[in-house]
Amino acid sequence: RAKKNGTGQYEIFQCEMQAALTSTLELEADLRRAVGRNEFVLHYQPIVELAGGRVTGVEALVRWRHPEHGVIAPSTFVPLAEETGLIVPIGRWVLREACRQASAWNAGRGGQPPLTVSVNLSARQVQQPDLPGVVAQILLETQLDPSCLVLEITESLLLLDTVATTRRLRQLKTLGLRLAIDDFGTGYSSLAYLRKFPIDIIKIDKSFVDEIAGEPDDSALALAIVQLGRKLRLSTVAEGIEAADQLVQLRRSGCQLGQGYLFSKPLQAHEVDALLAKGRTIPDLLLPVP
Ligand code: C2E
Ligand code: MG
Ligand code: MG
Ligand code: MG
């Protein structure tokens, strides 16, 4: 009897495994097709000056419009794209589209400082020796001022292959763009890389921003990162700001920039058009100045 039960459970387990495996394989085949079929779309989340609410730039965030499953979030398909290497062609498309769009937004906006666009790079992309060439080509093609481009990388990348990575990051920097460390503080590498690699911007991970609440101790890490950034003359962007008291504390600490649902969710390109037309300031932000 025990044996029968056991077997039954084993079968159920196998069945679930099978389903998971099939769906991953299906998704992988779909993802391969998606590259050729132009099924990706970018949303843009405003990056805001904490002091005055002015939008200084946007972060491009990819979505997959799957013909049957609808819109799929990057957390679902980017890991698969990384495993399969499909992130390389997808990432190239993201970069070109983000630069094209930012260049269009900046065209004819005389007087106003140009908008920056931040693009996420996977380690797989940075490991490609031709990345600096690809970026240079895209900047040329789209006529985006290189100083308007920010490439976001993660700490884990900096652990991989120091010599080649350093060289590649320096090559990218010579194009005139800026480099940001995304999800800062969540990786396990030493802080020494902040001096070793040509980093310009620290993005404070949402998990630290989440901790900013009533108790002063809770905000210690986020505020320490802001100070670290200031000492190293890097700019700091706080990610995932959702509450007004987080904004107040970050402002007080001297953090210059932020993004989060408090200001805006990631927007479709036409919604950014509307925001820019209204004058580039998020009015709800104009909360009591600390
Ligand atoms: P990330 O680069 O750290 O992007 C921030 C993520 O936090 C975005 O999720 C954004 O929608 C979300 N977010 C922003 N503000 C808030 C907030 O106030 N509250 C909450 N709960 N979430 C907020 P999204 O768009 O789902 O992207 C997830 C991750 O996928 C990104 O994290 C990035 O690592 C990756 N990703 C997105 N687009 C690309 C891409 O084009 N290439 C690569 N390689 N990775 C990408
Ligand atoms: Mg990012
Ligand atoms: Mg991030
Ligand atoms: Mg993050």
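Our subject in this report is the structure included herewith. (Residues numbered from 1 in each chain as written. Chains lettered and ligands numbered in written order. Predicted model: local features only at pLDDT ≥ 70, side-chain atom pairs only at ≥ 80, totals over all residues. Heavy atoms only, no water.)

1. Structural notes on the coordination of the magnesium ion (ligand 2)
By definition of the ideal shapes, a tetrahedral metal site with four donors has angles of 109.5 degrees and an octahedral site with six donors has angles of 90 or 180 degrees.
Step number 1: For the magnesium ion (ligand 2), the full set of protein donor atoms is Glu 59 (OE), Asn 120 (OD1), Glu 152 (OE) and Asp 182 (OD), and the range of their distances to it is 2.0 to 2.2 Å.
Step number 2: Coordination of the magnesium ion (ligand 2) draws on donor residues from a single chain, spaced E-x60-N-x31-E-x29-D in sequence.
Step number 3: Between the two metals, the magnesium ion (ligand 2) and the magnesium ion (ligand 3), the spacing is 3.6 Å, and Asp 182 donates to both. With a gap of 61 residues between them, Glu 59 in strand β2 (residues 55-66) and Asn 120 in strand β4 (residues 116-120) connect regions that are remote in the sequence.
Step number 4: On the accessibility criterion, Glu 59 (4% relative accessible area) is buried. (Donors = N, O, S within 2.8 Å, 3.2 Å for Na, K, Ca; no water. Helix = DSSP H or I, 4+ residues; strand = E, 2+ residues; numbered from the N terminus. Buried < 20%, exposed > 50% of the residue type's maximum accessible area, 1.4 Å probe, protein only.)

2. Details of the packing of aromatic side chains
Step number 1: Counting across every chain of the model gives 5 aromatic pairs.
Step number 2: For the pair Phe 40 and Phe 77, a centre-to-centre distance of 5.8 Å together with 35° between the ring planes defines the contact as tilted. Residue Phe 40 is found in strand β1 (residues 40-49), and its partner Phe 77 is found in helix α2 (residues 74-84); the two are separated by 37 residues along the sequence.
Step number 3: Among the aromatic side chains, those forming a connected cluster through ring pairs are Phe 40, Trp 64, Phe 77 and Trp 93.
Step number 4: The cationic tip of Lys 265 hangs over the ring face of Tyr 261; the distance from NZ or CZ to the ring centre is 4.6 Å. (Phe/Tyr/Trp six-rings, centres within 6.5 Å; stacked < 30°, edge-to-face > 60°. Lys NZ or Arg CZ within 6 Å of the ring centre and 35° of its normal.)

3. Regarding unusual backbone geometry
Step number 1: If you check the backbone angles, Asp 183 has positive phi at about 50° while not being a glycine.
Step number 2: Take Asp 183: it is sitting in strand β6 (residues 178-184).
Step number 3: Under the relative-accessibility criterion, Asp 183 is labelled partly exposed at 27%.
Step number 4: Positive phi values are uncommon outside glycine, yet Arg 233 reaches one of about 55°.
Step number 5: Topologically, Arg 233 is positioned in the loop between α10 (220-231) and β8 (235-238).

4. Remarks on the site of ligand 1
Step number 1: Looking at ligand 1, there are 21 residues lining it, with Arg 63, Ser 122, Asp 182, Glu 242 and Tyr 261 nearest.
Step number 2: For ligand 1, an oxygen atom lies 2.9 Å from a polar atom in the side chain of Asp 182.
Step number 3: Taking Tyr 261, its main chain carries an N or O atom lying 2.8 Å from an oxygen atom of ligand 1.
Step number 4: In isolation ligand 1 has 800 Å² of accessible area, and contact with the protein removes 80% of it.
Step number 5: Ranked by the residues each element gives to the shell around ligand 1, the list is headed by β2, at 4 residues.
Step number 6: Residues that form the shell around ligand 1 fall into these classes: 8 nonpolar, 5 polar and 8 charged. (Near = heavy atom within 4 Å. Polar contact = N/O pair within 3.5 Å; in protein donor to acceptor, adjacent residues only side chain to side chain. Areas by Shrake-Rupley, 256 points an atom, 1.4 Å probe, with all protein chains shown as cover. Nonpolar A, V, L, I, M, F, W, Y, C, P; charged D, E, K, R; others polar.)

5. What to know about α10
Step number 1: The end-to-end C-alpha separation of α10 is 16 Å, in line with the 16 Å expected for 12 residues at 1.5 Å each.
Step number 2: When we look at burial in α10, the residues that qualify are Ala 222, Leu 223, Ile 225, Val 226 and Gly 229. Each buried residue of α10 lies within a common arc of 155° when the element is viewed along its axis, so the set occupies one face.
Step number 3: Here the buried face of α10 lies against β6, β7 (201-204), α9 (206-210), β8 and α11 (244-253).
Step number 4: A positive backbone phi angle near 55° is found at Arg 233, which sits one or two residues after α10. (Expected span 1.5 Å × (residues − 1). Arc of directions from axis to C-beta. Contact = heavy atoms within 4.5 Å.)

In short, geometric facts, not functional conclusions.
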